[in-house]
Amino acid sequence: MRTRPATAVSIVFAWVAITTFSGVLIETLLIYPNIFADVPTSLVRGTAFFSEVGPGDVFPVLGLATLVTGVATIAVTSRLRAARFRALAAVAVTLAGEFGFSAWFFWPRNTVMFVEGPAVHAAGELVRVAWEFETGHWLRLALCGVTAVLASSALLRVLAGRGEAAAPVREVV
């Protein structure tokens, strides 16, 4: 059986959204306890640790991939209203939650903690900013989860739409 574009694109969209959510979850569980364990000392250690590659190098690419595959899913599901609506909602959550919230809330705090750090800011201020960052991060994790669920739901709607189209029509006698 041939794979239709809506199915293929929806699979990739769901996969990218789930991968992004999984990455943010792993970052939360494995990396953040070390980064925020003993602020400001742990911020300096974290900055040194991420000198080659850090979350800021990976997650913007995954976020963009989520948006691109989400928009492609919207485009190829024009005939499947339920799938298109879920993909549109996932893209909206990603735009508002990941990009909008990140630019407004996280980027200034990243600058304070990891760019300027203890050389510019007092330890008390770094502790406060780190707490704000960690607290806001739970919302970001939830939004990534919502995006993954919506993308997966869109895929299920695409697959359900294929099943309906492929089901034989039976005449009731």
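Residues numbered from 1 in each chain as written. Predicted model: local features only at pLDDT ≥ 70, side-chain atom pairs only at ≥ 80, totals over all residues. Heavy atoms only, no water.

Draft legend 1. The arrangement of the overall build of the chain in detail. For the chain, the count of helices and strands is five helices and zero strands. In the chain, buried positions account for 39% of the 173 residues. Of the contacts made within the chain by residues no fewer than 6 positions apart, 79% connect residues no fewer than 24 positions apart. About 10100 Å² of surface is accessible on the chain, with carbon and sulfur atoms providing 69% of the total. (Helix = DSSP H or I, 4+ residues; strand = E, 2+ residues; numbered from the N terminus. Buried < 20%, exposed > 50% of the residue type's maximum accessible area, 1.4 Å probe, protein only. Contact = heavy atoms within 4.5 Å. Areas by Shrake-Rupley, 256 points an atom, 1.4 Å probe, with all protein chains shown as cover.)

Draft legend 2. Broad picture of the environment of Ser102. One can find Ser102 in helix H4 (residues 81-120). With a relative accessible area of 8%, Ser102 lands in the buried category. Sequence-wise, Ser102 and Gly63 are 39 residues apart; in three dimensions their C-alpha atoms are separated by 11 Å. Those residues in contact with Ser102 that sit more than four places away from it in its chain are Gly97, Trp107 and Arg140.

Draft legend 3. Up close: the pattern of salt bridges. Considering all chains together, one arrives at three salt bridges under this definition. Here Glu125 and Arg128 are joined by a salt bridge, their closest N and O atoms 3.8 Å apart. Note that Glu125 and Arg128 are positioned in helix H5 (residues 123-166) at a spacing of three residues, about one turn of the helix. A relative accessible area of 41% means that Arg128 is categorised as partly exposed. Within this structure, Arg109, Glu125, Arg128 and Glu132 form a network of salt bridges that share partners. (Salt bridge = Lys/Arg side-chain N within 4 Å of Asp/Glu carboxyl O.)

Draft legend 4. Looking closely at empty space enclosed by the protein. Within this structure, the stated rule accounts for one cavity of 30 Å³ or more. Taken as a whole, the largest cavity encloses approximately 50 Å³ of empty space. For the largest cavity, the full set of lining residues is Ala17, Thr20, Gly63, Thr66, Thr94, Glu98, Cys144 and Thr147. Looking at the lining of the largest cavity, the elements that each hand over two or more residues are helix H1 (5-35), helix H3 (55-76), H4 and H5. Of the residues that constitute the lining of the largest cavity, the class distribution is two nonpolar, five polar and one charged. (1 Å grid on protein atoms, 1.4 Å probe; cavity = no way out; pocket = protein on both sides within 12 Å on 5 of 7 lines; lining within 4 Å. Points joined across faces, edges and corners; volume = space filled by probe spheres on them. Nonpolar A, V, L, I, M, F, W, Y, C, P; charged D, E, K, R; others polar.)

Draft legend 5. Representation of helix H2 (residues 41-49) in the model. For H2, the complete set of buried residues consists of Ser42, Leu43 and Gly46. Down the axis of H2, the sector holding all buried residues measures 100°, keeping them to one side. (Arc of directions from axis to C-beta.)

Draft legend 6. Structural detail: H3. Helix length check: H3, at 22 residues, gives a terminal C-alpha distance of 31 Å against a target of 32 Å (1.5 Å per residue), a fit within 8%. Those residues of H3 that sit buried are Leu62, Gly63, Thr66, Leu67, Thr69, Gly70, Thr73 and Ile74. (Expected span 1.5 Å × (residues − 1).)

Draft legend 7. A look at a nonpolar patch on the surface. On the surface, a cluster of nonpolar side chains totalling about 350 Å² of accessible area is made up of Leu64, Val68, Leu95 and Phe99. Listing elements by their share of the nonpolar patch, those giving two or more residues are H3 and H4. Along the chain, Phe99 falls in helix H4. For Phe99, a relative accessible area of 30% gives the class partly exposed. (Patch = residues over 30% accessible without salt bridge, like charges linked within 9 Å, V, L, I, M, F, W, Y side chains within 5 Å.)

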